[in-house]
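Per-entry structural report
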Amino acid sequence: MTIRYVLKIQYLGENYRGSQKQPNGNTIQNKLEEALCTLIKKDIRTIFSGRTDSGVSARCQSVHFDIEFEILDKLKFLKSLNAILPDDIRVFNIEKTDECFHVQKSAKFRHYKYVIRNHFCDDVFDKCVLHYPYKLDANRMDAALAYLVGVHDFSAFKSKSDNPACLCEIYLAQARRSSDNKYVIIDIIGNRFLYNMVRTIVGTLLLIEKNNLEPLSMLEILKSKDRSRAGITAPAVGLTLESVGYNNCLEYIKTNKNIGKVHK
């Protein structure tokens, strides 16, 4: 008999080739499984709620694994695991769960945040922020994002992928300025995302702003299903997986005070 545990982890992605395990690869999953193996003294296979690309960070990624014994002292387990992991990966919660629970298949939504420092000078303390010194109108960007809410074919925002399923449901897509006016914060919450989809949406927002296009251009690009009409894939540095949700998304949006705020 095995027992399933769910970990909540956070990481800075700048030093890793994404989250997904690769042969002899420097990835988040590789490092986590190596640390679990060292601690538990046997090979452990982990399942992530979804993959994050090279350079992308996560504030709250969900991971599950199965073992043949119960972890009686969870705090000691977390302290020991974090002592083995690199400083830019941290496990901050562990819970026993039902064996039917699956961090990927049971997820109802995912929340991504992209932060742009829209100021002439960058900030040496910003680790998960894109510096963009040219003028951005957050209100126009917010209006453009509104066209993405709902169920759509997001082929126009997908990088090359073998997955033919391009329908996604976006529950929230918004842009706003921080209180100090130095950052533009973009929040996108959906049931699933295509490869590089969020970063390409951000790149399209920058394309619209750079060329002073109407926000309606976002809808035209979406309907075209043509990747060549969208903007570049924005750099990974500004993107963070904020949360993976397993309950009601509308309640999450309603109660989440962090939506629209800069995390530093």
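Rules of the game
Residues numbered from 1 in each chain as written. Predicted model: local features only at pLDDT ≥ 70, side-chain atom pairs only at ≥ 80, totals over all residues. Heavy atoms only, no water. Helix = DSSP H or I, 4+ residues; strand = E, 2+ residues; numbered from the N terminus. Rg over C-alpha atoms; globule rule 2.2 N^0.38 Å. Buried < 20%, exposed > 50% of the residue type's maximum accessible area, 1.4 Å probe, protein only. Contact = heavy atoms within 4.5 Å. Areas by Shrake-Rupley, 256 points an atom, 1.4 Å probe, with all protein chains shown as cover. Lys, Arg positive; Asp, Glu negative; His and termini not counted. Charge placed at Lys NZ, Arg CZ, Asp CG, Glu CD. UniProt positions renumbered as here; feature names shortened; annotations may be inferred. Salt bridge = Lys/Arg side-chain N within 4 Å of Asp/Glu carboxyl O. Core = buried A, V, L, I, M, F, W, Y, C linked by side-chain atoms within 4.5 Å. Expected span 1.5 Å × (residues − 1).

**Focus on the overall build of the chain**
If you tally the helices and strands in the chain, you get six helices and 10 strands. Taking 18 Å as the expected radius of gyration for a compact globule of 264 residues, we find that the chain reaches 19 Å, a close match to that expectation. Oriented by its inertia axes, the alpha-carbon framework of the chain measures out at about 60 × 40 × 40 Å. Counting every position in the chain, which comprises 264 residues, the buried fraction comes to 52%. Summarising the internal contacts of the chain: among those between residues at least 6 apart in sequence, 71% fall at separations of at least 24. Summed over its atoms, the accessible surface of the chain is roughly 13,500 Å², and 50% of this surface lies on carbon and sulfur atoms. Distance from the positive charge centre (39 side chains) to the negative charge centre (30 side chains) of the chain: 1 Å.

**Examining the UniProt feature "domain: Pseudouridine synthase I TruA alpha/beta" (unreviewed entry) in the chain**
In the numbering adopted here, UniProt assigns the feature "domain: Pseudouridine synthase I TruA alpha/beta" (unreviewed entry) to residues 10-103 and 144-247. Between the C-alpha atoms that bound residues 10-103 there is a distance of 15 Å. The span itself is 26% helix and 26% strand.

**Notes on the side chain of Lys158**
Considering the arrangement of structural elements, one finds Lys158 in the loop between strand S7 (150-153) and strand S8 (167-177). It is Asp153 that comes nearest to the buried, bridge-free Lys158 among opposite-charge side chains, at 7.2 Å. Contacts of Lys158, omitting those with residues within four sequence positions, involve Asn163, Cys166, Leu194, Tyr195 and Arg227.

**Description of the UniProt feature "binding site: substrate" (unreviewed entry) in the chain**
Feature annotation in UniProt assigns "binding site: substrate" (unreviewed entry) to the following positions: Tyr112. Position of Tyr112 among the secondary structure elements: in strand S5 (residues 109-117). Residue classification places Tyr112 among the buried residues on the basis of a relative accessible area of 10%.

**Some thoughts on unusual backbone geometry**
Positive phi outside glycine occurs at Lys41, with the angle close to 70 degrees. Mapped onto the elements of the fold, Lys41 is located in the loop between helix H1 (28-40) and strand S2 (47-48).

**A look at the environment of Leu241**
Structurally, Leu241 is set in strand S10 (residues 239-245). Each C-alpha atom of the pair Leu241 and Ala58 lies 4.4 Å from the other, and the pair is 183 residues apart in sequence. Setting aside its immediate chain neighbours within four residues, Leu241 contacts Thr52, Ser57, Ala58, Arg59, Cys60, Gln61, Arg110, His111 and Tyr112.

**Digging into the nonpolar core**
Formed by 72 residues in total, the largest nonpolar core has its most connected members in Leu32, Phe65, Ile116, Phe157 and Ile186. A total of seven residues in this core trace back to one element, the largest contributor, which is helix H4 (residues 197-210). Look past the residues within four positions of Ile116 in its chain and what remains in contact with it is Val129, Leu130, Tyr132, Leu136, Met141, Lys182, Tyr183, Val184, Ile186, Val202 and Leu206. Residues Phe109, Ile189, Cys249 and Ile259 belong to the second largest nonpolar core, which totals six residues.

**Focus on the environment of Ala144**
With respect to the element layout, Ala144 can be found in helix H3 (residues 138-146). A relative accessible area of 0% means that Ala144 is categorised as buried. Note: C-alpha distance between Ala144 and Ile208 (64 residues apart in sequence) is 8.7 Å. The contacts of Ala144, once residues within four sequence positions are left out, are Leu205, Ile208, Pro215 and Met218.

**Points about helix H5 (residues 216-224)**
Those residues of H5 lying buried are Ser217, Met218, Leu219, Ile221 and Leu222. Tucked into the core, H5 has its buried residues touching H3, S7 and H4. A positive backbone phi angle near 60 degrees is found at Lys225, which sits one or two residues after H5.

**Structural notes on H4**
Structural remark: α-helix, 3.6 residues per turn; residues separated by three or four positions point the same way. With 14 residues, H4 extends 20 Å from end C-alpha to end C-alpha; this agrees with the ideal 20 Å at 1.5 Å per step. For H4, a buried count of 12 out of 14 residues is recorded, marking the element as mostly surrounded by other parts of the structure. Taken from the residues just after H4, Asn212 is the one with a positive phi, measuring 55 degrees.

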